[in-house]
Amino acid sequence: MPDRLLVPFGGSAAPAHWLGKPHLGGKGANLCEMAAIGLPVPPGFVIPTPLCARYYEAGGKLPDALVAKLPEGLAHIEAAVGAKFGDATNPLLVSVRSGARVSMPGMMDTVLNLGLNHETVEGLARRSGNRRFAFDSFRRFIQMYADVVLGLDHYLFEDVLELMKDDRGVYLDTALSAEDLEELVSQYLALVEKEWGRAFPMDPMAQLEGAIAAVFGSWRSERATVYRRLNGIPEEWGTAVTVQAMIFGNMGDTSATGVAFTRDPATGERVIYGEYLVNAQGEDVVAGIRTPQYLTAAARQRAGASGASMEETMPEVFAQLTDVFALLERHYRDMQDIEFTVQEGRLFILQTRSGKRTAKAALRIACDMVDEGLIGEDEAVKRVDPAVLDQLLHPTLDPKAERTIIATGLPASPGAAAGAIVLTPAEAERRAGLGEAVILVRVETSPEDIAGMHAARGILTARGGMTSHAAVVARGMGRPCVSGAGSLTIDMEARTVRAGSHVLQEGDIITLDGATGEVMLGEVATIEPELSGDFARLMTWADRHRKLKVRANAETPADCRTARQFGAEGIGLARTEHMFFDPDRIGLVRAMILATDEAARAPILARLLPLQRADFAEMFEVMAGLPVTIRLLDPPLHEFLPQREADYAEVAEASGVSIASLKRRAAELHEMNPMLGHRGCRLGITYPDIYAMQARAIFEAALQQAQPPLPEIMIPLVATQRELDLMKAVVDETANAVFEAAGKRIPYLVGTMIELPRAALRAGEIAASADFFSFGTNDLTQTTLGISRDDSARFLGVYVDKGIYPRDPFVSLDTEGVGELVRLAAERGRATRPDLKLGICGEHGGDPASIAFVAALGLDYVSCSPWRVPIARLAAAQAALG
């Protein structure tokens with residue numbers, strides 16, 4: 001890639017979109033492309049993403065070579081628009097915006113109206129013949145620059161504006177006169193000097209350099225860092241910066257600004273969806289500062305809104321806009337999210353990108369575009385992010401349930417959520433961290449709220465529209481959102497929310513319906529999702545393409561049924577120790593563990609056998625004819641030891657042993673590091689009768705079935721071939737005894753879980769005794785990295801932020817370390833035994849990035865929680881399609 005400092009677009013610039021999003025960022029690449037196909041794009045230039053890294057390498061300073069090149073970029077814009085940057089008679093104003101290679105809505109900074117000072121504002125006023133517009137632009141620039149570049153709180157400026165509106169007796173800022181705005185500019189400049197300690201910078205070139213540096217700096221802001229971590233975006237990508245001629249939507253009633261989607265991002269319906277504001281600039285719409293109006297008459301009528309739609313007030317411009325929408329959809333073959341401005345009746349397109357959408361909308365758009373001939377089935381499969389399917393797999397509000405509606409807003413992001421009211425992002429994070437369901441309630445959200453929005457089950461705002469920050473981010477996260485609930489009054493001092501006659505305290509429970517915009521008192525009942533229509537169609541296409549089988553981690557009949565409903569092709573991990581925690585049998589299990597010899601355990605195992613057999617019979621009935629991998633007992637013993645006097649009394653009664661003897665035995669079994677102690681196959685080797693009982697229960701239950709499953713008996717925590725040989729002998733001996741007594745046989749497999757580095761390294765030897773390997777990547781990650789999964793939350797976030805790991809290694813597989821062990825084990829295992837069945841059964845089995853990695857290694861299946869089976873099916877198909 002050539003080392004370009006600036007890439008011009010629009011005007012006489014040569015097409016440059018071929019440089020691509022990694023170099024130009026998503027916004028820059030799309031602006032270059034739109035200019036190349038003849039759309040009305042304001043001219044500008046892109047500072048490519050590699051310059052972001054150079055900015056940080058220089059300690060937060062723009063490279064000298066870039067600073068020297070800026071006049072050349074400005075000259076390109078000046079020639080295209082016929083104005084001059086910093087000129088007192090015909091000034092050029094520019095916007096400075098961020099643009100990473102993937103969309104990060106609202107996470108980085110923007111500066112508009114840059115280039116204004118005491119001289120250029122007068123030139124703008126004379127040139128436009130509109131003094132009010134000029135000073136409105138100046139006050140907006142001061143506030144935005146002070147916030148983004150100087151680091152001053154934008155609420156300080158909002159307070160000054162609100163005081164002036166109160167003093168003039170007006171509600172909207174558009175009602176302020178030119179004289180009012182001149183006075184407001186003076187007040188803003190005085191506020192900057194007071195808070196910053198210096199006068200506001202008036203040199204346009206200094207303003208430009210400061211804004212570019214601030215946009216680069218916002219790549220590492222807290223909100224952008226959190227967003228990258230939540231969405232798996234590498235820190236080293238950096239952001240591009242776009243400098244573009246300003247187009248003004250605030251020049252009067254023939255000017256406007258808006259945001260539009262070419263299809264409904266909530267439902268996927270093929271209708272124009274969006275909002276606009278007359279006499280406004282872009283941040284007014286996106287930030288929710290003023291509640292905007294609808295683009296189409298039909299949308300206005302459906303909402304019962306009184307304000308005229310753009311289709312009604314600007315029919316000619318609206319017709320041009322619909323033509324642009326159709327062109328962009330055909331060109332990019334995807335639903336587009338478009339920002340536009342109308343300046344004195346002339347339309348300009350400021351940005352286009354693939355629009356954020358709900359899971360429901362993603363499925364419908366993909367299927368509809370196949371039907372429309374825009375894309376093929378394989379592209380439809382690749383188009384849907386597997387992670388968003390999670391939105392479809394959870395309950396929605398029961399339409400028959402009683403509900404007390406206390407407020408209504410805009411249905412900004414569909415889905416249902418109930419939880420305790422929290423009024424700050426920090427409180428949302430705190431309570432969610434304690435396991436509490438919360439609803440974040442704000443006057444309006446800002447990009448700084450990103451962590452709290454992610455922690456919340458749903459989001460409710462008093463201000464903002466369908467394309468406000470809250471709405472866009474909530475849809476991207478899959479969180480239900482109701483925005484613009486204007487009847488709400490939020491009192492931060494009293495920590496209350498007033499909705500009509502209801503006064504709610506922070507902590508009170510409310511329910512949101514993001515599909516209708518309703519806010520309800522208390523918790524409303526829900527119903528299970530129905531997975532048909534577009535979902536079933538896309539899954540059919542995905543199954544046609546994928547090579548990996550998808551199983552589920554499950555051991556209860558309910559989980560097994562859920563897994564089958566979601567398309568699981570068997571069980572990849574049934575954890576038998578989970579069955580032992582049942583209150584009806586925990587006493588027996590403790591007695592079994594505390595027994596001192598085989599004779600003492602025998603009567604206890606005899607009582608456990610029918611219980612285990614019934615457990616397996618229920619599973620096998622649901623999984624008729626499918627493979628079922630059953631991990632024999634693998635608990636750290638401390639999890640089963642009695643903790644209270646009542647527990648000891650229960651064990652004493654079950655075993656006929658005194659409480660004092662049991663306590664002595666418990667002391668003998670105490671371990672300093674139980675996770676690496678007497679567990680897994682070590683338990684089976686010292687107490688082989690326990691594993692024999694479990695194997696008997698498995699085979700007897702399988703023989704009861706009209707359509708037996710394929711039992712795959714997994715020996716856990718093996719480090720050596722000898723351990724597996726000893727345990728396999730126990731299983732085979734038990735199987736032969738059961739089959740001989742029954743007079744019939746069924747096929748079965750015996751294998752092991754690879755969860756220790758030594759097992760991975762010696763996989764060639766172990767494979768000689770194994771029918772299959774299942775990679776237990778949860779424990780393999782712990783034992784490879786030397787990190788406890790249960791104790792790592794307090795520092796792993798910092799590790800990810802500092803680039804030590806690209807993502808939490810317990811969420812997405814550490815492909816360089818743990819992944820290398822998986823690759824070695826797979827290669828060495830199959831070198832010994834070419835038909836060795838290979839799978840993965842840790843939580844990584846439901847992570848799309850991890851699935852892509854193991855698919856490339858040639859594993860046979862992944863196994864994940866039942867609720868993530870559809871995600872794994874789609875991710876496996878995408879891995880196969882590349």
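1. As for the overall build of the protein chain
On a plain count of helices and strands, the protein chain comes out with 35 helices and 33 strands. Relative to the 2.2 N^0.38 estimate, which gives 29 Å for 882 residues, the radius of gyration of the protein chain is 32 Å and therefore close to what a compact globule would have. Principal axes of the C-alpha set define a box for the protein chain whose edges measure 100 × 65 × 55 Å. With 882 residues in all, the protein chain has 57% of them scored as buried. Considering only residue pairs separated by 6 or more positions, the protein chain has 68% of its internal contacts joining residues 24 or more positions apart. Surface exposure of the protein chain reaches about 34,500 Å², of which carbon and sulfur atoms provide 50%.

2. Description of the pattern of salt bridges
The tally for this structure, following the rule as stated, stands at 54 salt bridges. A salt bridge links Arg263 to Glu372; the shortest N-O distance between them is 2.7 Å. Here Arg263, found in the loop between strand 8 (256-261) and strand 9 (273-278), pairs with Glu372, found in the loop between helix 14 (359-371) and helix 15 (377-383); they are 109 residues apart in sequence, far enough to count as distant. Two residues, Glu569 and Arg546, come together in a salt bridge whose shortest N-O distance is 3.0 Å. Of the two residues, Glu569 sits in the loop between helix 20 (557-565) and strand 27 (571-575) while Arg546 sits in the loop between helix 19 (534-545) and strand 26 (549-553), which places them 23 residues apart along the sequence. Assessed through its relative accessible area of 22%, Glu569 is described here as partly exposed. Connected via shared salt-bridge partners are Asp543, Arg546, Lys549, Glu569 and Arg873.

3. Focus on unusual backbone geometry
With a phi close to 65 degrees, Asn113 is a non-glycine residue in the positive phi region. With respect to the helices, strands and loops of the structure, Asn113 is situated in strand 6 (residues 110-114). Phi is positive for Arg333, which is not a glycine, with a value near 55 degrees. Relative to the helices and strands, Arg333 resides in the loop between helix 13 (315-332) and strand 11 (336-343).

4. Some thoughts on the sheet that holds strand 7 (residues 239-245)
The strands that make up a sheet pair up through hydrogen bonds in the backbone, lying either parallel or antiparallel. If you walk across this open sheet you meet the 5 strands as 1-2-7-5-6, and the pairing is antiparallel. Looking at which strands have only one partner, the edges of the open sheet turn out to be strand 1 (7-9) and strand 6. Within this sheet the neighbouring strands show an average axis-to-axis angle of 20 degrees, counted without direction. Note: strand 2 (residues 44-47) against strand 7, 4 bridges, orientation antiparallel. Considered in strand 7, the bridge of Gly44 is made with Gln244. Helix-sheet contacts for helix 3 (residues 64-81) involve strand 1, strand 2, strand 5 (94-100) and strand 7, and the interaxial angle to strand 2 is about 155 degrees.

5. Some points on a negative patch on the surface
A cluster of acidic side chains, namely Asp147, Asp153, Asp159 and Glu195, defines a negative patch on the protein surface. Summarising the element assignment, Asp147 is placed in helix 5 (residues 131-148).

6. Regarding the sheet that holds strand 10 (residues 293-294)
Here 5 strands make up an open sheet; going across it, the order is 10-9-8-11-12 and the pairing antiparallel. With partners counted over all chains shown, the strands left at the sheet margins are strand 10 and strand 12 (346-354), one partner each. Both strand 11 and strand 12 contribute to a ladder of 8 bridges, which runs antiparallel. By the bridge assignment, Gln343 is partnered in strand 12 with Arg346.

7. Observations regarding the packing of helix 19 against helix 35 (residues 869-881)
The geometry of a pair of packed helices is captured by two quantities: the angle between their axes and the separation between those axes. At their nearest, the axes of helix 19 and helix 35 sit 8 Å apart, and the two run at 45 degrees to each other. In this view, helix 19 runs oblique relative to helix 35, as classed from their interaxial angle. The element helix 19 and its partner helix 35 pack so that their crossing is left-handed. Between helix 19, through Phe535, Leu538, Met539, Ala542, Asp543 and His545, and helix 35, the contact on the second element is made entirely by Pro870, Arg873, Leu874, Ala877, Ala880 and Leu881. Classifying every residue of the contact of helix 19 with helix 35 gives 9 nonpolar, 1 polar and 2 charged.

8. Looking at the side chain of Gln336
In this fold, Gln336 is placed in strand 11. Residue classification places Gln336 among the buried residues on the basis of a relative accessible area of 1%. One polar contact links the side chain of Gln336 to the main-chain carbonyl oxygen of Asp334, over a distance of 3.4 Å. Setting aside residues up to four positions removed in sequence, Gln336 forms contacts with Ala260, Phe261, Thr262, Leu328, Glu329, Thr352, Arg353, Ser354 and Gly355.

9. Describing the packing of aromatic side chains
In the structure shown here, the tally under the stated rule is 15 aromatic pairs. Between Phe157 and Tyr188, the ring centres sit 5.0 Å apart and the planes meet at 90 degrees, which makes this aromatic pair edge-to-face. Taken together, the residues Phe157 in helix 6 (residues 154-168) and Tyr188 in helix 7 (residues 178-196) connect sequence positions 31 residues apart. Counting every residue linked through ring pairs, the aromatic cluster contains Tyr55, Tyr56 and Phe216. Stacked on the ring of Tyr56, the Lys or Arg Arg220 has its end atom at 3.8 Å from the ring centre. For the cation-ring pair, Arg551 lies above Tyr861, with the distance from its terminal atom to the ring centre recorded as 3.9 Å.

10. Re helix 34 (residues 848-857)
If you check which residues of helix 34 are buried, you get Ser850, Ile851, Phe853 and Val854. Take helix 34 and look down its axis: the buried residues cluster within an arc of 160 degrees, on one side only. Positive backbone phi, at 85 degrees, marks Gly858, one or two positions downstream of helix 34.

11. Here's the deal with the packing of helix 3 against helix 8 (residues 204-217)
As a packed pair, helix 3 and helix 8 sit with axes 11 Å apart at the nearest point and diverge in direction by 115 degrees. Classified by the interaxial angle, the pair formed by helix 3 and helix 8 is roughly perpendicular. The way helix 3 lies across helix 8 gives a crossing that is right-handed. Each of Leu66, Val67, Leu70 and Leu74 in helix 3 lies in contact with helix 8, whose residues at this interface are Met205, Leu208, Glu209, Ile212 and Phe216. In the contact of helix 3 with helix 8, the residues fall into 8 nonpolar, no polar and 1 charged.

12. Observations regarding the pairing of strand 22 (residues 502-505)
Taken together, the 4 bridges between strand 21 (residues 496-499) and strand 22 define a ladder with antiparallel strand orientation. Across the sheet, residue Arg498 finds its bridge partner in strand 22, namely Val503.

13. Here's the deal with the environment of Ser128
Mapping Ser128 onto the fold places it in helix 4 (residues 118-128). Taking C-alpha positions, Ser128 is 9.5 Å from Asn90, a pair spaced 38 residues apart along the chain. Ignoring sequence-local partners within four residues, the contact set of Ser128 consists of Phe133 and Met251. Separated by 2.8 Å, the side chain of Ser128 and the backbone oxygen of Leu124 make a polar contact. Within the structure, Ser128 has its side chain in polar contact with the backbone nitrogen of Asn130 (distance 3.1 Å).

14. Regarding a nonpolar patch on the surface
Taken together, the side chains of Val798, Tyr799 and Ile804 make up a nonpolar region of the molecular surface, amounting to roughly 250 Å² of accessible area. Its location among the elements puts Val798 in helix 32 (residues 793-801).

15. A look at the environment of Ala695
Mapped onto the fold, Ala695 is located in helix 27 (residues 688-703). Distance in space between the C-alpha atoms of Ala695 and Gln143 is 72 Å, their sequence separation being 552 residues. Excluding its chain neighbours within four sequence positions, the residues that come into contact with Ala695 are Val731 and Thr734.

Quick notes on the rules
Residue indices begin from 1 for each chain and proceed along its sequence in written order. In keeping with the model being predicted, local features are shown solely for residues with a pLDDT of at least 70 and side-chain atom pairs are shown and tallied solely at 80 or more, while totals for entire chains, interfaces and linings include all residues. To obtain the side-chain values, all non-hydrogen atoms of the structure were used and water was disregarded. In DSSP terms, a helix is any run of H or I states spanning at least four residues, a strand is any run of E spanning at least two, and both are numbered starting from the N terminus. Radius of gyration means the value over C-alpha atoms here, while the globule rule gives 2.2 Å times the residue count to the 0.38 power. The classification of residues rests on relative accessible area computed with a 1.4 Å probe and restricted to protein chains. Under 20% of the type maximum is buried, over 50% is exposed, and intermediate values are partly exposed. By definition, residues are in contact when any of their heavy atoms lie within 4.5 Å. The accessible surface values rely on the Shrake-Rupley method and a 1.4 Å probe; as for residues, cover is taken only from the protein chains in view. Here, a salt bridge means any side-chain nitrogen of Lys or Arg that lies within 4 Å of a carboxyl oxygen of Asp or Glu. Between any two strands, at least two bridges found by DSSP are needed for them to pair. The axes used here are C-alpha line fits, helices contributing only the stretch in contact, and every angle between their N-to-C directions lies in the interval 0 to 180 degrees. Only residues whose relative accessible area exceeds 30% and that form no salt bridge enter a patch; like-charged residues are grouped when within 9 Å of one another, and nonpolar side chains (Val, Leu, Ile, Met, Phe, Trp, Tyr) when within 5 Å. Charged residues are defined narrowly, with Lys and Arg counted positive, Asp and Glu counted negative, and His plus the chain ends left uncounted. To locate a charge, the coordinates of NZ of Lys, CZ of Arg, CG of Asp or CD of Glu are taken. Any angle from 65 to 115 degrees is called roughly perpendicular, while one under 35 is roughly parallel, one over 145 is roughly antiparallel, and all others are oblique. Note on convention: the crossing is left-handed when the near helix lies turned anticlockwise from the far helix by less than a right angle, right-handed when the turn is clockwise. Residues are grouped as follows: nonpolar covers Ala, Val, Leu, Ile, Met, Phe, Trp, Tyr, Cys and Pro; charged covers Asp, Glu, Lys and Arg; every other residue, Gly included, is treated as polar. Each polar contact in these results corresponds to two N or O atoms within 3.5 Å; when the atoms are within protein, one needs to be able to donate a hydrogen and the other to accept it, and residues that are neighboring in sequence are counted only if both atoms are side-chain atoms. Note on aromatic contacts: the rings of Phe and Tyr and the six-membered ring of Trp form a pair at centre separations within 6.5 Å, being stacked when their planes are under 30 degrees apart, edge-to-face when over 60 apart, and tilted otherwise. Any Lys NZ or Arg CZ found within 6 Å of a ring centre and within 35 degrees of that ring's normal is scored as a charge over the ring. Picture the helix axis, draw a direction to every C-beta atom, and the arc is the one those directions span.

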